[in-house]
Amino acid sequence: MSKLKPAIATAILLIVSALGHAQPQPQPQQPQARTAPKQTKPAPTAKPSIVLVHGAWADGSCWDKVVPLLEAKGYSVVALHLPLTTPAEDIAATTRAIERQPGDVVLVGHSYAGFVISRAGHDAKVKALVFVDAFGLDDGETVNALLKDKPPAWLKALQVDSGGYAWLSKETVMNDFAPDVSAAEQKLILAKQGPVPVKGFDEAMKDPAWKSKPSWYVRGTRDRIIDPSAQAMFAKRMKAKTTTIDAGHVGMLSKPKAVADVILDAATARPATAASK
């Protein structure tokens, strides 16, 4: 028996060696179940930012009743405070505000700011213009030229200081500028008014953006600063979608929801619809 042990050990070593060098047989692949490709939904279009531009004798607070209504719908809103020194500087301030926005912009202008947004509105980010009781001048037109044939009472009552800046009197604020707001609001308007240089009324319009951008217009039927018939003319020639409200010159204070609704309409308009001018 002892003579068999070396032979058995040798046989075991040979078997182990053979197993170590044996090539594994490939296993047949199981067919994989096909899965349907995932359906990816297009990313939702970001809402445009809304930039609100005040007019002469005002500041950004004139939009205080409108801003919450727009923000409640999920919009980012900026209410500018213009320098009111020259039209060029007001346009530059508006352009800087547009540049700070991450995407598209709906640009809104009240009164004199119709001039401002008509120039700043050429920015590629601006998708729509909204004019609220605003001047909609065409090439070569000026505010003074439009008013000279029939000067309104407020123009003749302007108080011009030593620097050539025009101020509104208490009577003008109460009777013409903001007759349809409370007495408390009238006092605030008078106290916070931003005077404007009278020479700015002679600034001529050049290539207004409303000729190439979709426009909306809010027209106040009781406006005593810009005649409602003039507003209708502005809106018609710019082919603006027009909303008429029973309000004076500061419709964003006396009828904030109506004004906000027009801005929201501009913000939600489809490009194809908005561009049909």
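Points about the nonpolar core
- Core analysis: the largest hydrophobic core is formed by 79 residues, its most contacted members being Trp57, Trp63 and Leu107.
- Here this core takes seven residues from helix H11 (residues 256-268), the largest share from any one element.
- For Trp63, the contacting residues outside a window of four places in its chain are Leu52, Val53, His54, Ala79, Val108, His110, Val132, Met252 and Val259.

Brief notes about the pairing of strand E3 (residues 105-110)
- Counted residue by residue, E3 has six buried out of six residues, so it is predominantly covered.
- Neither face of E3 is left uncovered, since the one carrying Val105, Leu107 and Gly109 and the one carrying Val106, Val108 and His110 both have all their residues buried.
- Summarising the sheet, strand E1 (residues 49-53) and E3 pair through five bridges and their orientation is parallel. Paired with Ile50 across the strands is Val106, a residue of E3.
- Sheet topology places E3 next to strand E4 (residues 126-132); six bridges connect them, and they run parallel. Its bridge partner being in E4, Val108 is matched across the sheet by Val130.
- For the segment spanning E3, helix H4 (residues 113-120) and E4, crossover handedness is right-handed.

A look at the pattern of salt bridges
- Scanning all chains against the criterion turns up eight salt bridges.
- Taken together, the salt bridges that share partners define one network made up of Asp138, Asp139 and Lys211.

Parameters and conventions
Residues numbered from 1 in each chain as written. Predicted model: local features only at pLDDT ≥ 70, side-chain atom pairs only at ≥ 80, totals over all residues. Heavy atoms only, no water. Core = buried A, V, L, I, M, F, W, Y, C linked by side-chain atoms within 4.5 Å. Buried < 20%, exposed > 50% of the residue type's maximum accessible area, 1.4 Å probe, protein only. Helix = DSSP H or I, 4+ residues; strand = E, 2+ residues; numbered from the N terminus. Contact = heavy atoms within 4.5 Å. Pairing = 2+ DSSP bridges. Right-handed = clockwise from strand over helix to strand, strands pointing away. Salt bridge = Lys/Arg side-chain N within 4 Å of Asp/Glu carboxyl O.

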